[in-house]
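Given next are the chains, with one letter for each unit.
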Amino acid sequence: MHLLPRVFLLCGLALASTTAGAAPATDNHDLRVMTFNVRYGEADDGINAWPRRRDLMVQVIRQEHPDILGTQELLRPQADYLQRHLPGYTWFGMGRNGNEIDRNGNEHMGVFYDEARLEVLGSGNFWFSDTPDKPGSIGAGLLMPRMVTWAKFRDRRSGREFYFYDTHFPYRDGEEAEATRARCAEEIRRRLAELPASLPFILTGDFNATPGSRTHAVLTDVLHDARTSAPRHEGPDGTFHDFTGQATRRIDWILYRGLKADDVRTITTHDGKVYPSDHFPVVADFDW
């Protein structure tokens, strides 16, 4: 794929970046959605440590300007940094452990949204466990708490309402791990059945599973996968690249119902060997 050099001025720093598969943001859509596993900021990632890549992440989000962004692996210091450098956006979310004590492991499913476009009508969290309303609870087969952060939104421009879920499924290989992910998918599907069918629904996340998996099948039995349903695609199919730029698996999805997906892009912006994350973010443009 041809690489197009671009230079951006961001937060007083000139960032020379190389972008492949990225399209400039336009307003030819009713709703723009992004999913982004941001890679937790305490990881020892060398040249891709958080302080080296955070401005590149801000650049990518600004360039795409999603109306709503579902993140995974977000730690509170990262959320605070993004909040300060993304004018017009605000965010919400609770740490998966249910508090802010554990700085290193208290991942958030942080949801960022453009306040000028969207209004939150209600929001909350639930955990994949036998006590889903208990913060930090852990379900069978899980090594740590796993959860969903959700909200009901109103589009200020059209007045339309929709539900949004953001999640991060467990990572491990093997049949037992896949069965655990499938149970998480079944819980989302059960809750989806309780929502008004007349309102659109969007699910973003790092599912740690690929198309063709049981997890994907459970969810796409009732939801559309934007990557496969949209008529226009840009960028590679794969999303997890481990800071190499060579994606091996498509585990970051945008699923939906009640909308029309027009365009899906996998964003591969990088600055030499520095990447915003070890996952490529995915952007989908929808029409009501």
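Our subject is the structure that appears above.
Residues numbered from 1 in each chain as written. Predicted model: local features only at pLDDT ≥ 70, side-chain atom pairs only at ≥ 80, totals over all residues. Heavy atoms only, no water.

A. Geometry of the sheet that holds strand β5 (residues 89-92). Overall, mixed pairing links the seven strands, which are arranged β5-β6-β4-β3-β15-β14-β12 in an open sheet. Each of the sheet's edge strands pairs with one partner strand only, and the pair in question is β5 and β12 (232-234). The mean inter-strand angle of the sheet, taken between neighbouring strand axes irrespective of direction, is 20 degrees. The sheet contact formed by strand β3 (residues 31-37) and strand β4 (residues 68-72) spans five bridges and is parallel. Bridge assignment links F36 to a residue of β4, and that residue is T71. Contacting β3, β4, β14 (260-266) and β15 (282-287), helix α1 (residues 50-64) crosses the sheet at an angle of about 165 degrees to β3. Relative to β5, helix α2 (residues 76-85) is tilted by about 160 degrees, and along the sheet it contacts β5 and β6 (111-114). (Pairing = 2+ DSSP bridges. Helix = DSSP H or I, 4+ residues; strand = E, 2+ residues; numbered from the N terminus. Axes fitted to C-alpha atoms, helices over the stretch in contact; angles between N-to-C directions. Contact = heavy atoms within 4.5 Å.)

B. Region of the structure containing the pattern of salt bridges. According to the stated counting rule, one finds 22 salt bridges in the structure shown. A salt bridge links D225 to R250; the nearest nitrogen and oxygen atoms lie 2.9 Å apart. Here R250 lies in the loop between β12 and β13 (252-257) and D225 lies in strand β11 (residues 224-225), a separation of 25 residues in the sequence. Here D225 matches R250 in class, with each residue buried. A salt bridge links R265 to D263, with the shortest nitrogen-to-oxygen separation between them at 2.4 Å. Accessibility assignment for this pair places R265 and D263 in one class, buried. Each member of the salt-bridge network shares a partner with another, and the members are R32, E64, R232, D263, R265 and D285. (Salt bridge = Lys/Arg side-chain N within 4 Å of Asp/Glu carboxyl O. Buried < 20%, exposed > 50% of the residue type's maximum accessible area, 1.4 Å probe, protein only.)

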